[in-house]
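Architecture at a glance
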Amino acid sequence: MKNIFLFLLLTFYATVAFGQKKSSSDRFSGLDSELNALLKDWHAAGFAVAVVEKDKIIYAKGFGYRDYENKLPVTTNTNFAIGSSSKAFTSGLLGILKEDGKLTFEDSPIKHIPELRFKNAEMNELITIRDIMTHRTGLPRHDISWYLFSSNSRDSLIQRIAYQEPFAKVREKWYYNNFMFLTQGVIAERITGRSWEENIDQHFFQLLEMKTSSTVIDGLKNGADASFGYMVKDDSVIKKMDYYDIAAMGPAGSINSNVTEMSNWIMTWIGGGKFKDKQILPESYIKEAMSSQMVISGGVPEKEFPDLHMSNYGYGWFTSSYKGHYRVEHGGNIDGFSANVSFFPTDSIGIVVLANQNGSVIPGLVRNIISDRVLKETRTDWNKTYKERADKAKAAEKEASASKTSSQKTGTKPSRLLVEFAGDYSNPGYGSLEVFVKNDSLFAKAGKNNMWLKHYHYDIFNPYPVTDGKVDTVGSIGIQFNFRTGDSGDITSFVSKLEPAVDHIEFKRTPKGVIMEKAELEKYVGEYELAGMTAKFYIKGENTLYLFVPGQPEYELLPLEKHKFALKIVEGYKVEFVEDESGNLTEVLFVQPNGTFKAKKK
């Protein structure tokens, strides 16, 4: 989890490099040994590659291990998670529906998902399906919303979009957004009456003979030739990672496949939408999807490498110029896996690289090594160049770390007892998490993710991941929880910079109640004299205490601890019962933002 931001950035990582050059007439001579060397150089467990020319696989091979511990080799049929390389499949469904007259790309997505709403009226009125296909809605990623607060309900994820802050006007800037590919998948579901998983299987897997490919994590876990995912720890140690279940966010990146079956997908794009004389995707959609629909950046070439330039986006594809050849590609990254799927439409060449390494450069590196060979271009020593740049980046990071000064205020402590920070915290655009005290420490739990909250200064805490009951103290997740105090003096929320492109995200607190049986609640029942009025406490249902004050609504009370209750729907209001030396309740304190008021029992 601490690598999440690296993982999010690498989703659309594009490589530009330069180096030593050489040439050869034999396109694949010595390639096996060149690719094998990458395993050691990059501490990779394994990877597989396939090269397509027109409608044939002209090279395919597995390298390293799909199961590193048991030394089970990667084959061309080994399944990997392909992450965001799934996106072109999802957009392809809309291309088919457009051809069938079921939608247009100028439709509002709200037309097909009536409950969908964006943050403001302008977005609701202007955003089209074409906009959500090309990352130009004005929304930034907001990826923590689905990655940390995962859900099995697509409807619940769709509802979060209404609360997610934009950072730009509609069509003003390109910004990668997984939620908009979720939205495309849901549009297809609403029109067809079938799930996204069923649509992908019916329109692609069955027709493209992708018999072992799957759309859910269990399909990978239970596969006969499935890979585990790995990460590199301490710069050289290959460590197994848990599979990550992307759950309802599947349309943005949950496909699992192998290089043999993904080759059929690439043949379809090279062949104008046809596979073995079957029209899988409309030819008109193929041309539109791989053309420039939105400018990502200027894509200006480097001085040292002038023949790599352009940076645009189509529908689920990045487009650029590689040594004078038009390249269409998309990467993919999910815990323990990295991928790159690319093709050169005018050259009828395609390359698929799937790796079981987290946030890996391997897919882009292998793609470029092979591209030079199959396109018969002067070869660049990509491995040397990548290593030089990686070493340079690491040195710069080390230097920056050494010169970094801490803003931490030493000698401070939290303003409250840790138990007073406990509660349920929620944001409608993200989700909910629980903060609780265990062994005199503060922890947080969001879905399956557990975190230890280490005090930084004042009421600010740094979260560290907890895996298998152990805290990983090597590095913070990279965010902070800044707890806020309300007018009543209670902790009311925390804010955190979960999305770099917008302001801090606020999670409001609901105090964590305790369970009290009816017999225990009975002692709080009674009437109390409050400023000439009678405040009544009574039980409704099985075990719920209520308060009624004349002229006000009925308030449900949430038990906090002995003699203390919070008004469930009113923030910052509490009641505290006071007992005498004999243990009898004699009065109650109404604790409010504007003061504390005492009422005596009648």
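In what follows, the structure referred to is the one given above.
In what follows, the accompanying structure is described. (Residues numbered from 1 in each chain as written. Predicted model: local features only at pLDDT ≥ 70, side-chain atom pairs only at ≥ 80, totals over all residues. Heavy atoms only, no water.)

1. Looking at the overall build of the chain
Selection rule: Secondary structure elements follow DSSP: runs of H or I of four or more residues count as helices, runs of E of two or more count as strands, with numbering from the N terminus. Relative accessibility decides the category of a residue: with a 1.4 Å probe and only protein chains considered, values under 20% of the type maximum give buried, values over 50% give exposed, and everything between is partly exposed. Residues count as neighbours in contact if any of their non-hydrogen atoms are within 4.5 Å of one another. Surface exposure here means Shrake-Rupley accessible area, sampled with a 1.4 Å probe, where a residue is shielded only by the protein chains that are shown.
Looking only at helices and strands, one finds 16 helices and 34 strands in the chain. Taking the principal axes of the C-alpha coordinates as reference, the chain spans close to 100 × 55 × 45 Å. Burial statistics for the chain: of 602 residues in total, 52% are counted as buried. For the chain, long-range pairs separated by at least 24 residues make up 58% of all intrachain contacts whose partners lie at least 6 apart in sequence. Total accessible area on the chain is roughly 26800 Å²; 49% of this is exposed by carbon and sulfur atoms.

2. Some words on the sheet that holds strand 16 (residues 349-355)
The cut-off we apply is this: At least two DSSP bridges between two strands are needed for those strands to be called paired.
Sheet architecture is open: nine strands sit in the order 4-3-2-16-15-14-13-12-11, paired in antiparallel fashion. Taken across any chain shown, the strands that pair with only one partner, and hence form the sheet edges, are strand 4 (72-73) and strand 11 (294-297). Note: strand 2 (residues 46-53) against strand 3 (residues 56-67), eight bridges, orientation antiparallel. Following the sheet pairing, Phe 47 is matched in strand 3 by Phe 63.

3. What to know about a nonpolar patch on the surface
This is how it is decided: Each patch is built from salt-bridge-free residues with over 30% relative accessible area, joining like charges within 9 Å and nonpolar side chains (Val, Leu, Ile, Met, Phe, Trp, Tyr) within 5 Å. What makes a salt bridge here is a side-chain nitrogen of Lys or Arg within 4 Å of a carboxyl oxygen of Asp or Glu, nothing more.
A cluster of nonpolar side chains, Leu 417, Val 419 and Val 437, forms an exposed patch at the surface whose accessible area comes to about 270 Å². In this structure, Val 419 sits in the loop between helix 15 (382-403) and strand 18 (423-427). Note on Val 419: relative accessible area 54%, which makes it exposed.

4. A look at the sheet that holds strand 33 (residues 585-592)
This is how the line gets drawn: Orientation is described by axes fitted as lines to C-alpha atoms, over the contacting stretch for helices, and by angles from 0 to 180 degrees between their N-to-C directions.
The eight strands are arranged 27-28-29-30-31-32-33-34 in a closed barrel whose pairing can be described as antiparallel. If you compare each strand with its neighbour and ignore which way they point, the axes differ by 35° on average. By the bridge criterion, two bridges tie strand 27 (residues 526-530) to strand 34 (residues 595-601) in an arrangement that is antiparallel. Each bridged residue has a counterpart across the sheet, and for Glu 529 the counterpart in strand 34 is Lys 600.

5. Remarks on helix 14 (residues 362-374)
Keep this limit in mind: Helix span is expected to be 1.5 Å times the residue number reduced by one.
Under the 1.5 Å per step criterion, the end-to-end length of helix 14 is 18 Å for 13 residues, consistent within 8% with the ideal 18 Å. Within helix 14, 13 of the 13 residues are buried, which leaves it mostly tucked inside the rest of the structure. Just past helix 14, the residue Lys 376 takes up positive phi, approximately 60°.

6. Examining unusual backbone geometry
Although it is not a glycine, Met 310 adopts a positive phi angle of roughly 75°. On the secondary structure map, Met 310 appears in strand 12 (residues 308-313). At His 563, a residue that is not glycine, the phi angle is positive and equals roughly 70°. Relative to the assigned elements, His 563 resides in the loop between strand 30 (555-561) and strand 31 (564-567).

7. With respect to the pattern of salt bridges
Considering all chains together, one arrives at 30 salt bridges under this definition. Here Glu 288 makes a salt bridge to Lys 98, at a shortest N to O gap of 3.1 Å. Note that Glu 288 is positioned in helix 13 (residues 283-289) and Lys 98 in helix 3 (residues 87-99), a separation of 190 residues in sequence. The salt bridge involving Lys 394 is made with Asp 235; its shortest N-O contact spans 3.7 Å. With Lys 394 in helix 15 and Asp 235 in the loop between strand 6 (229-233) and strand 7 (237-241), this residue pair connects regions lying 159 residues apart in the sequence. Owing to a relative accessible area of 51%, Asp 235 belongs among the exposed residues under this scheme. In the salt-bridge network here, residues are joined through shared partners; they are Lys 98, Glu 106, Arg 130 and Glu 288.

8. Considering the packing of helix 9 (residues 178-192) against helix 10 (residues 196-205)
Our working rule: Here roughly perpendicular refers to angles of 65 to 115 degrees, roughly parallel to angles under 35, roughly antiparallel to angles over 145, and oblique to all remaining angles. In this classification, Asp, Glu, Lys and Arg are treated as charged, Ala, Val, Leu, Ile, Met, Phe, Trp, Tyr, Cys and Pro as nonpolar, and every other residue, Gly included, as polar.
Where helix 9 meets helix 10, the axes come as close as 9 Å, and the angle between the chain directions of the two elements is 80°. Viewed along their axes, helix 9 and helix 10 adopt a mutual orientation that is roughly perpendicular. Together, Gly 185, Ala 188, Glu 189 and Thr 192 of helix 9 and Trp 196, Glu 197 and Asn 199 of helix 10 make up the contact between the two elements. Across the contact of helix 9 with helix 10, the residue classes tally to two nonpolar, three polar and two charged.

9. Observations regarding the side chain of Asp 143
Basically, it comes down to this: In protein, a polar contact means a hydrogen-donor-capable atom and an acceptor-capable atom, both N or O and within 3.5 Å, with residues adjacent in sequence counting only if both atoms are side-chain atoms; elsewhere, any N or O pair within 3.5 Å suffices.
Structurally, Asp 143 is set in the loop between helix 6 (129-133) and helix 7 (144-147). Among the polar contacts made by the side chain of Asp 143, one reaches the side chain of Asn 178 at a distance of 2.9 Å.

10. Observations regarding the packing of aromatic side chains
What counts is decided by this rule: The pairing test for Phe, Tyr and Trp rings, Trp by its six-membered ring, is centres within 6.5 Å, and the orientation test on the planes gives stacked under 30 degrees, edge-to-face over 60, and tilted for anything in between. Comment: the charge-over-ring label is applied if NZ (Lys) or CZ (Arg) is within 6 Å of the ring centre and within 35 degrees of the ring normal.
Overall, the coordinates contain 53 aromatic pairs when judged by the stated rule. Geometrically, the ring pair formed by Tyr 524 and Phe 577 is tilted, given 4.7 Å between the ring centres and 45° between the ring planes. Of this pair, Tyr 524 sits in the loop between helix 16 (518-521) and strand 27 while Phe 577 is found in strand 32 (residues 574-579), placing the two residues 53 residues apart along the sequence. Across the pair, exposure class does not vary: Tyr 524 and Phe 577 are buried alike. Judged by its relative accessible area of 5%, Phe 577 is buried. Put simply, the rings of Phe 89, Phe 105, Phe 204, Phe 205, Trp 265, Trp 269, Tyr 285, Tyr 315, Trp 317 and Phe 343 pair up and form one aromatic cluster. Lys 71 extends its terminal NZ or CZ atom over the ring of Tyr 68, reaching a point 4.2 Å from the ring centre.

11. A closer look at the pairing of strand 31
Bridging between strand 30 and strand 31 involves four bridges; their strand directions are antiparallel. Bridging across to strand 31, Leu 558 finds its partner in Ala 566. Where strand 30 hands over to strand 31, the hairpin turn is made up of two residues, of which His 563 adopts a positive phi near 70°. In terms of strand pairing, strand 31 meets strand 32 through three bridges, oriented antiparallel. Bridge pairing in strand 32 places Ala 566 opposite Lys 574.

From the geometry alone we can't say anything about function, so treat these as descriptive.
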